[in-house]
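Listed here are the chains, written in short residue letters.
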Amino acid sequence: MTAGRLFVISAPSGTGKTTILKKVIARFSGLVFSVSHTTRTPRPGERDGREYHFVSRTDFETMLEGNQFLEWAPVHDNYYGTSRQAVAEQLQRGLDVILDIDVQGAAIIRKSSVLEATHIFISPPGLVELEHRLRGRGTESEESIQLRLKNARIEMQAADDYEYLIVNDVLDEAVDLLSAIILAERARAHRLPDGSPIQLIGI
Ligand code: ADP
Ligand code: 5GP
């Protein structure tokens, strides 16, 4: 069995990334979502261990000191990080892993000499629509909405650093596009369709 592939996906908050990822993950076998650690409080409907591992700032800092994060970043006034051990175990089991991380975390993964990943940026169709979606979700305070909109302008400038760009205008089209990218990456020539490496015998 070969190690799984890593997909790094970033988008300004409110773009629809979580909505898209849930639909895409339901379509594929062997594709899992990496559950990050965060110091932010859960939104209604979020469950510890499913969307995130919700931890205190002290616990996060203890993990940080123990070098337990593959990458981490302060985002919108909270800390977010990816467990090194959890991702390593999933990849070793041959699973393809999606990291839903911000542009700072994506830059850390891009610079890593040991990790190979496909980087995908999801953009909203525009900032007016982004504000509409953030308000429509009904999970953020006015202050949090303003912070997320301010950060969105900065995050959009990093879109060029990604290999793929998906504009989430029509949801089903965005889901199809992300699915197509995953299929194409899985079909790369150095692998057989089941993910195992091609061995050229006798040439
Ligand atoms: P993110 O994970 O990027 O912060 P969410 O997935 O929570 O964003 O989506 C934010 C809001 O936008 C949700 O209310 C969701 O239903 C809505 N939404 C997602 N995609 C679309 C789309 N293509 N068109 C309209 N609304 C969308
Ligand atoms: P939210 O609080 O809306 O779920 O996420 C806010 C931002 O944090 C999003 O851009 C999301 O991609 C990012 N994020 C979530 N988990 C991680 C992580 O483990 N590392 C980093 N760097 N960013 C993360």
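Now for a look at the structure at hand.

Definitions and limits used
Residues numbered from 1 in each chain as written. Chains lettered and ligands numbered in written order. Predicted model: local features only at pLDDT ≥ 70, side-chain atom pairs only at ≥ 80, totals over all residues. Heavy atoms only, no water. Core = buried A, V, L, I, M, F, W, Y, C linked by side-chain atoms within 4.5 Å. Buried < 20%, exposed > 50% of the residue type's maximum accessible area, 1.4 Å probe, protein only. Helix = DSSP H or I, 4+ residues; strand = E, 2+ residues; numbered from the N terminus. Near = heavy atom within 4 Å. Polar contact = N/O pair within 3.5 Å; in protein donor to acceptor, adjacent residues only side chain to side chain. Areas by Shrake-Rupley, 256 points an atom, 1.4 Å probe, with all protein chains shown as cover. Nonpolar A, V, L, I, M, F, W, Y, C, P; charged D, E, K, R; others polar. Phe/Tyr/Trp six-rings, centres within 6.5 Å; stacked < 30°, edge-to-face > 60°. Lys NZ or Arg CZ within 6 Å of the ring centre and 35° of its normal.

**A look at the nonpolar core**
Right, so step 1: Judged by nonpolar contacts, the single largest core of 17 residues is most densely connected at Val24 and Leu178.
Right, so step 2: Mapped by element, the contributors of at least two residues to this core are β1 (6-10), α1 (17-27), β8 (117-123) and α7 (171-186).
Right, so step 3: With 5 residues, the single largest contributor to this core is α7.
Right, so step 4: Membership of the second largest hydrophobic core comes to 16 residues, among which are Leu70, Val97, Leu99 and Phe121.

**Some points on the site of ligand 1**
Right, so step 1: Taken together, 13 residues lie near ligand 1, and Gly14, Lys17, Thr18, Thr19 and Arg137 sit nearest.
Right, so step 2: Arginine 133 is positioned with one of its side-chain polar atoms (N or O) 3.2 Å from a nitrogen atom of ligand 1.
Right, so step 3: In this structure, a nitrogen atom belonging to ligand 1 sits 3.4 Å away from a main-chain N or O atom of leucine 171.
Right, so step 4: Contact with the protein chains hides 75% of the accessible area of ligand 1, taken as 560 Å² for the molecule alone.
Right, so step 5: Broken down by secondary-structure element, the contributors of at least two residues to the shell around ligand 1 are α1 and α5 (127-137).
Right, so step 6: Of the residues in the shell around ligand 1, the class split is 2 nonpolar, 7 polar and 4 charged.

**Quick notes on the packing of aromatic side chains**
By convention here, two paired aromatic rings are described through the distance between centres and the angle between planes.
Right, so step 1: The final tally for this structure, using the stated rule, is 7 aromatic pairs.
Right, so step 2: With a centroid separation of 4.5 Å and 25° between ring planes, the pair formed by phenylalanine 60 and phenylalanine 69 is classed as stacked.
Right, so step 3: On the basis of relative accessibility, which here comes to 0%, the residue phenylalanine 60 falls in the buried class.
Right, so step 4: Between phenylalanine 60 and tyrosine 79, the aromatic rings sit 5.3 Å apart at their centres with planes inclined by 40°, giving tilted as the arrangement. Of this pair, phenylalanine 60 sits in helix α2 (residues 57-65) while tyrosine 79 sits in strand β6 (residues 78-83), and the two are 19 residues apart along the sequence.
Right, so step 5: Ring-pair connections join several aromatic residues into one group, and the members of that group are Phe60, Phe69, Trp72 and Tyr79.
Right, so step 6: Directly above the aromatic system of tyrosine 79 lies the positively charged group of arginine 57, at a separation of 4.4 Å from the ring centroid.

Limitation: the analysis is restricted to geometry and does not speak to function.
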